[in-house]
Amino acid sequence: MPKIEQTFTKARAAFTHGKKKSISERVAYMSALRKVIVKNLDTIVTCISKSTGKVGMEAINSDILPTLEVIKYYEKYASHILKPKKKKTSFLFYNHDAYVEYKPLGVVLIIAPWNCPLQLALVPLVSALLAGNAVILKPSEITPQVGDVIGALCHEAGLPDDLVQVVLGGKDVGEALIQARPDKIFFTGSLGAGKNIMSAAAQNITPVVLELGGKAPMIVFEDADIDRAVEAAVYGAFAHAGQLCVAIERLYVQESIFDRFTSRVTKRVNTLNVGTEYDCDFGPMITHVQWDRIEEQLQDAVAKGATLITDITKHGLLLYPVVLTNVNHDMKIMKEETFGPLLPIMPFKTEEAAVALANDSPYGLNASVWSRDIKKAKRVVSQLETGNAYINDVIKNIGNPDLPFGGVKQSGFGKYHGAEGLRTFSIETAVMVNKNKMKREINWFPYTAELLKTVRGLINVLYADIPLREKIIIFLRMRSFIKTLQ
Ligand code: NAD
């Protein structure tokens, strides 16, 4: 077990020292980090591919590009986002100023998963640092090499010592880090681990952000661009062998195009290049545990009447894409996160039915809606219980750094990316400045009959629909009372 106490002592010292750095100095570190990432691109891609089984292009798509986008975005906007924000005041707070200021929390613990080991560690890490915090990162025990690479990148970028510390280990190390009382925990991972982390954090009222699993629905209406939708469904379901939290795990297709669409998807799926070579579309599943879960879902689905449209072909951990129809919501495959290369397709009749099916899930992370009628697609999105949605595309909406990202329902809570991404790692202090020079405020002691009359009058002026003449009379009476306070 790494020396947790020592790690926290170093982090707290680095935080205190780092607090003296201006936002432009922090931004300069991030610019350096961005350049170091680009300089070491090939090494990073190779490391991600080797440790996750992800093909090189996928490492670029789901790890490198989103990370660079976020850094570049914050280089431009962080100082504006973290500037104190002026707030409105009402008549009750006459002659006041109000604002919110953003201050660092202290030591942030980031617990990351294996599937996008660079992006899901570096994006919260960069956000927490820009907000002025020190970071302890615990990467997944499955991808410690990527954790080491992150440590090395931060070092090469010239980040101050101990401002970022990478602690390797599994669940037990994660638990010990939580017990050491970080000022915030940013967790990305499975629902089960999220529940344990939330419960452990509750012991010290440590705030948590939970970015958990998903079961993204894709809804295809008959008026969609079918060619694009077929390509998108196949990409959305099978990129990184379906091991993305925002992978398409449920495909709902309008009845009138269902047969045509399903046969087009199947045809396309059969042309996918599965393997570990650089030009393959996707590679192996990460562990046998993953396969066990997939096998269980497949057996359950088939036992309950699902039809396998493709054969189940598996070489070691390389599972070829599996497409199923005749599925329903009694099956695990439509309810539980799969995190593997399966695509169940189900027909729907009406817009209402599509919305009901999509919402019939414990998860709410991402969704995709397809129609040439954008008004209709937006109307559908408005009814979906989801933290994120994409019209006429899949997955890469999460890469827009200006949009807050996070799930609802059992996909977790809390947001990052965009302004929210820096504020989630900040103490938001709401401040009022009273510029009055009166000896007493109207609401202070003593509570007299005259004060009660004045406040009742004020309530009528401010919140009741009384004639203007009456309002003026009350107002004048109030003014003479306030004069007695000068
Ligand atoms: P996981 O939950 O098994 O592990 C994630 C991390 O949590 C690891 O570092 C692990 O060591 C640590 N951990 C596990 N239990 C812990 C505990 N009790 N205390 C402290 N740390 C603990 O997840 P995984 O298999 O690495 O990742 C896959 C899961 O992550 C999927 O469910 C996927 O949907 C989800 N995910 C979510 C998002 C998102 O943004 N919402 C993104 C990627 C992955």
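Look up: the structure comes first, before these words.
Keep in mind that what you see is a predicted model, and the values were worked out from it rather than measured. Counting starts from 1 at the beginning of each chain's written sequence and moves along it residue by residue. Under the rules for a predicted model, residues below a pLDDT of 70 receive no local features and side-chain atom pairs below 80 are neither given nor counted, while totals for whole chains, interfaces and linings still include all residues. Values shown for side chains rest on all heavy atoms present in the structure; no hydrogens or waters enter the calculation.

A. Spatial organisation of the layout of surface pockets. The space that makes up the largest pocket amounts to roughly 860 Å³. The distinction between a cavity and a pocket rests on a 1 Å grid over the protein atoms alone: a 1.4 Å probe fits inside a cavity but cannot get out, while a pocket stays open yet meets protein on both sides within 12 Å along at least five of seven lines, and a residue with an atom within 4 Å of a point counts as lining. Looking at the largest pocket, it is lined by 35 residues, and the ones nearest its centre are Pro-113, Phe-187, Gly-189, Ser-190 and Ala-193. It is helix α7 (residues 171–179) that provides the largest number of residues to the lining of the largest pocket, a total of five residues. By residue class, the composition of the lining of the largest pocket is 16 nonpolar, 12 polar and seven charged. Quantified by volume, the second largest pocket comes out at close to 600 Å³. Looking at which element gives the most residues to the lining of the second largest pocket, the answer is helix α16 (residues 468–483), with five residues. Residue classes follow a fixed rule: Ala, Val, Leu, Ile, Met, Phe, Trp, Tyr, Cys and Pro count as nonpolar, while Asp, Glu, Lys and Arg count as charged, and any other residue, Gly among them, counts as polar. Taken together, the residues that form the lining of the second largest pocket break down as 13 nonpolar, five polar and three charged. Grid points are joined across faces, edges and corners, and a volume is the space filled by probe spheres set on the points. In this text, helices come from DSSP runs of H or I with a minimum length of four residues, and strands from runs of E with a minimum of two, each type numbered from the N-terminal end.

B. Quick peek at the sheet that holds strand β4 (residues 134–138). One requirement defines pairing of two strands: DSSP has to find at least two bridges between them. Taken in spatial order, the six strands make up an open sheet running β5-β4-β3-β6-β7-β19, and their pairing is mixed. Each having just a single partner strand, β5 (164–166) and β19 (412–413) make up the two edges of the open sheet. Looking at chain direction, strand β3 (residues 107–111) and β4 are connected through five bridges and run parallel. Counted as the bridge partner of Val-107 is Ala-134 from β4.

C. A look at the nonpolar core. Core analysis: the largest hydrophobic core is formed by 116 residues, its most contacted members being Leu-125, Met-218, Val-220 and Phe-261. Among the elements that take part in this core, helix α4 (residues 56–82) stands out by supplying 10 residues, more than any other. If we skip the residues at most four places from it in the chain, Phe-261 touches Val-220, Ile-226, Ala-229, Val-230, Leu-251 and Val-253. Ala-301, Met-346, Phe-348 and Ala-358 belong to the second-largest nonpolar core, a separate cluster that totals 29 residues. To define a nonpolar core, start from buried Ala, Val, Leu, Ile, Met, Phe, Trp, Tyr and Cys residues and group those joined through side-chain atoms within 4.5 Å. Exposure is judged per residue with a 1.4 Å probe applied to protein chains only, and the accessible area is read against the type maximum: over 50% gives exposed, under 20% gives buried, and values in between give partly exposed. Residue contacts are counted whenever heavy atoms from the two residues lie within 4.5 Å of one another.

D. Representation of the site of the ligand. In the neighbourhood of the ligand, 31 residues make up the surrounding shell, with Ala-112, Glu-141, Ser-190, Leu-212 and Glu-337 lying closest. At 3.2 Å, a backbone N or O of Trp-114 approaches an oxygen atom of the ligand. Here a polar contact means two N or O atoms within 3.5 Å. Within protein one must be a hydrogen donor candidate and the other an acceptor candidate, and residues neighboring in sequence count only if both atoms are side-chain atoms. Within the backbone of Leu-212, a nitrogen or oxygen atom sits 2.6 Å from a nitrogen atom of the ligand. Accessible areas in this description were obtained via Shrake-Rupley with a 1.4 Å probe; residue shielding takes into account the shown protein chains only. Burial of the ligand by the protein amounts to 91% of the accessible area it has alone, namely 840 Å². For a cavity or pocket, the test is whether more than half of a molecule's atoms lie within 2 Å of its grid points; if they do, the molecule sits there. Applying the majority rule of atoms within 2 Å of the grid points places the ligand in the largest pocket. Looking at the shell around the ligand, the elements with two or more residues in it are α7, β6 (184–188) and α8 (191–202). The element best represented in the shell around the ligand is α7, accounting for four residues. The class makeup of the residues in the shell around the ligand is 15 nonpolar, 10 polar and six charged. Residues are counted as near a molecule or strand when any one of their heavy atoms sits within 4 Å of it.

E. Representation of the pairing of strand β14 (residues 342–348) within the structure. In terms of residue burial, β14 counts as a mostly covered element, since six of its seven residues are buried. With four bridges joining them, strand β9 (residues 248–254) and β14 adopt parallel strand pairing. Along β14, the bridge assignment pairs Gln-254 with Phe-348.

F. Region of the structure containing the sheet that holds strand β1 (residues 85–87). As summarised here, the arrangement of the three strands in space is β1-β2-β20, forming an open sheet in which the pairing is antiparallel. Sheet topology places β1 and β20 (426–434) at the edges, where each strand pairs with a single neighbour. Taken over all neighbouring pairs, the strand axes of this sheet differ in orientation by 25° on average, direction set aside. Examined bridge by bridge, strand β2 (residues 96–104) and β20 share nine bridges and lie antiparallel to one another. By the bridge assignment for β20, Ala-98 is matched with Met-432. Lines are fitted to the C-alpha atoms to define the axes, a helix being fitted only along its stretch in contact, and any angle between axes, read from their N-to-C directions, falls within 0 to 180 degrees. Contacting β1, β2 and β20, α4 runs over the sheet at an angle of about 40° to β1.

G. Spotlight on the packing of aromatic side chains. Note on aromatic contacts: the rings of Phe and Tyr and the six-membered ring of Trp form a pair at centre separations within 6.5 Å, being stacked when their planes are under 30 degrees apart, edge-to-face when over 60 apart, and tilted otherwise. A complete count under the given rule lists 10 aromatic pairs for this structure. Both rings, one in Phe-91 and one in Phe-475, keep their centres 6.3 Å apart while their planes meet at 50°; by these two values the pair is tilted. Of the two residues, Phe-91 is situated in the loop between β1 and β2 and Phe-475 in helix α16; the sequence distance between them amounts to 384 residues. Taking relative accessible area as the criterion, Phe-91 reaches 39% and is therefore assigned partly exposed. What makes Phe-475 partly exposed here is its relative accessible area of 34%.

H. Inspection of the side chain of His-240 at higher detail. Looking at where His-240 falls in the secondary structure, it is placed in the loop between α9 (226–238) and β9. Judged by its relative accessible area of 3%, His-240 is buried. Residue contacts for His-240: discarding those within four places in its chain leaves Thr-52, Lys-54, Glu-58, Trp-114, Asn-115 and Phe-282.

I. Region of the structure containing the pattern of salt bridges. Think of a salt bridge as a Lys or Arg side-chain nitrogen and an Asp or Glu carboxyl oxygen that are within 4 Å of each other. Scanning all chains against the criterion turns up 17 salt bridges. The partner of Glu-351 in a salt bridge is Arg-379, and the shortest N-O contact between them spans 2.7 Å. Taken together, the positions of Glu-351 in helix α12 (residues 351–359) and Arg-379 in helix α13 (residues 374–383) put the pair 28 residues apart, joining distant regions of the chain.

J. View of the packing of helix α15 (residues 449–463) against α16. Running from N to C, α15 and α16 point in directions that differ by 140°, and their axes come no closer than 9 Å. Once α15 is placed against α16, the crossing between them reads as left-handed. Residues Glu-450, Leu-451, Lys-453, Thr-454, Gly-457, Leu-458, Asn-460 and Val-461 of α15 form the contact with α16, whose participating residues are Lys-471, Ile-474, Arg-477, Met-478 and Phe-481. Of the residues in the contact of α15 with α16, the class split is six nonpolar, three polar and four charged. Working rule for handedness: look at the near helix, and if it is turned counterclockwise from the far one by less than a right angle, call the crossing left-handed; if clockwise, right-handed.

K. Structural view of α15. Given a helix with a known number of residues, its expected span is that number minus one, times 1.5 Å. Taking 1.5 Å per residue, 15 residues should reach 21 Å; α15 reaches 21 Å between its end C-alpha atoms and fits that length. Listed as buried for α15 are Leu-451, Thr-454, Gly-457, Leu-458 and Val-461. Along the axis of α15, the buried positions cluster into a sector of 125°, meaning they face one direction only. Residues Ala-449, Leu-452, Arg-456 and Tyr-463 are exposed on α15 and point more than 90 degrees away from its buried face. In the core, the buried residues of α15 are packed alongside α16. The arc in question is traced by the directions running from the helix axis to the C-beta atoms.

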